[in-house]
Amino acid sequence: MNAIVALCHFCELHGPRTLFCTEVLHAPLPQGAGNGDSPGQGEQAEEEEGGIQMSSRIRAHSPAEGASAESSSPGPKKSDMCEGCRSLAAGHPGYISHDKETSIKYVSHQHPNHPQLFSIVRQACVRSLSCEVCPGREGPIFFGDEQHGFVFSHTFFIKDSLARGFQRWYSIIAIMMDRIYLINSWPFLLGKIRGIIDELQGKALKVFEAEQFGCPQRAQRMNTAFTPFLHQRNGNAARSLTSLTSDDNLWACLHTSFAWLLKACGSRLTEKLLEGAPTEDTLVQMEKLADLEEESESWDNSEAEEEEKAPVLPEGAEGRELTKCPTDSSLLSDCGNWQPRKMSVFKSLRHMRQVLGAPSFRMLAWHVLMGNQVIWKSRDADLVQSAFEVLRTMLPVGCVRIIPYSNQYEEAYRCNFLGLSPHVQIPSHVLASEFAVVVEAHSAPRSSLHPAGCEDDQSLSKYEFVVTSGSPVAADRVGPTILNKMEAALTNQNLSVGVVDQCLVCLKEEWMNKVKVLFKFTKVDSRPKEDTQKLLSILGASEEDNVKLLKFWMTGLSKTYKSHLMSTVRSPTASEPRN
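Residues numbered from 1 in each chain as written. Predicted model: local features only at pLDDT ≥ 70, side-chain atom pairs only at ≥ 80, totals over all residues. Heavy atoms only, no water.

### Section: the packing of aromatic side chains
Under the criterion given, the structure shown has 14 aromatic pairs. Where Phe346 meets Phe465, the ring centres are 5.9 Å apart and the plane angle is 55°; that geometry is what we call tilted. Taken together, the residues span a long stretch of sequence, with Phe346 in the loop between α11 (329-336) and α12 (349-356) and Phe465 in strand β14 (residues 463-469) at a distance of 119 residues. With respect to burial, Phe346 and Phe465 carry one shared label: buried. With 6.1 Å between their ring centres and 65° between their planes, Trp376 and Phe465 make a pair best called edge-to-face. Linking Trp376 in strand β10 (residues 373-377) with Phe465 in strand β14, this pair joins segments that are 89 residues apart in sequence. Across the pair, exposure class does not vary: Trp376 and Phe465 are buried alike. Taken together, the ring pairs connect Phe346, Trp376, Tyr463 and Phe465 into an aromatic cluster. One residue, Lys514, lies across the ring of Trp511, its end atom 4.0 Å from the ring centre. (Phe/Tyr/Trp six-rings, centres within 6.5 Å; stacked < 30°, edge-to-face > 60°. Helix = DSSP H or I, 4+ residues; strand = E, 2+ residues; numbered from the N terminus. Buried < 20%, exposed > 50% of the residue type's maximum accessible area, 1.4 Å probe, protein only. Lys NZ or Arg CZ within 6 Å of the ring centre and 35° of its normal.)

So this is what it looks like as structure tokens:
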């Protein structure tokens, strides 16, 4: 992540100051940051963990070199710094970590060496400890602009027995130019930075309690005669953070934490290049997710209202309610024989075709593509669910309505995939209907047990599958074009399962584009039937099965696409060029 993480402090003598910062270097180290890039030459390796090697940059400076470096440094002069404003000792070159995977260096020092970066960090430090503060002066806040970068700032207090109010004010800031990336990283940064702050406050609190136990400052200050505040502002009151936490390795630990924070925050979010508009499946999934969120919010609101209106039960009533439980023997037996969920028994469409046989699979696939109701009867709910998970890949997301397992028949308008237990009676008109197909999984006789055509199909070898319908598909029927192409891909053994899945995705996208054209032509433009037949011929979908498939798939179009087309119809002049 191209960002800078810094620890800032509000000094009572000198105001807001940057104590320690870590930046990312993708190129060789800048001048003055150390000559040796390999451990052993100019650096001493100290720690290596998770592909990141940490080292302390060591470079010998002559007095003249040190003076020139100090005069050209963008940081404040030594005379303008006290113990509370200084992190690394004079002459300390800082810390550096090498990421072997990406060849990125994470460099830590008190101030950035580049003057422009120093100005950006300095301004963010001042704003984080002065005007850009959340209520209570402790907590996270976001600010910034395009010119000086965007900042995530978290202010906090550190206990100090010698400070005014027994605490000092600090902040940890993360600066970067990408506003969207920084906002999307807010939950991650908040949690990790909050952990660093808690650790610092915990160490300082132990030191504070030990000092207060040895020499209570509050009573001593109350007994001391009043003196003006300006006389108390002397350099002796300033204390370094290492003194407040009693941790000599504090800066090395902070470097490790900041370097990991930059690496982890940069790895958790990846950019994907999307070519073209989102697919219909993506739009439908987003709409369903939005509907679920609205439904959950309404449920939460209704539950809160019910809790407010709920009557107060007499003592012991709640216990009596809890003792009421169903005594159905089937429920008790299910609880006693509970087992972990099994893996899906149907692995792919090719696997299902091998198990059911080519004629039965073709009949089942034809009904699925046409939008007819698929009823699967079995006592194994996992078997039914795995079958539906495989079959749903043949349809657009908006055309799938599943009831995984039910103890009663549900009408076709509610679902086109219905799982039933064996004892459920299906209405006779449904069994005789040409718009439904029934798959029954019967226990196979022991003499007929055999492998189902695939390895490790032990769970399927005990079943016999019977596929029936009121309108069986004739063997010589041409069928929809997409079904024929799908079967050609499934029978081609040179294609792996993954390749077949990608072929199916391409086929669905091809036919969804035809559905969009037909929808605009018939529903939006309201063209006559003669023009519609010509369009179907051009699309290569003039056969009866193809027309039925297009009409069914039209129900799977997203609301976003439909509303977009309707809005263009209502305002036709909006799309016309202005004279």
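### Section: the packing of helix α16 (residues 481-491) against helix α17 (residues 497-524)
Close contact between α16 and α17 brings their axes to 10 Å; oriented N to C, the two are set at 170°. Judged by the angle between their axes, α16 and α17 are roughly antiparallel. Here Thr481, Ile482, Lys485, Met486, Ala489 and Leu490 of α16 come into contact with α17, specifically with Val500, Leu504, Leu507, Lys508, Glu510 and Trp511. Within the contact of α16 with α17, the residues separate by chemical class into eight nonpolar, one polar and three charged. (Axes fitted to C-alpha atoms, helices over the stretch in contact; angles between N-to-C directions. Parallel < 35°, antiparallel > 145°, perpendicular 65-115°, else oblique. Contact = heavy atoms within 4.5 Å. Nonpolar A, V, L, I, M, F, W, Y, C, P; charged D, E, K, R; others polar.)

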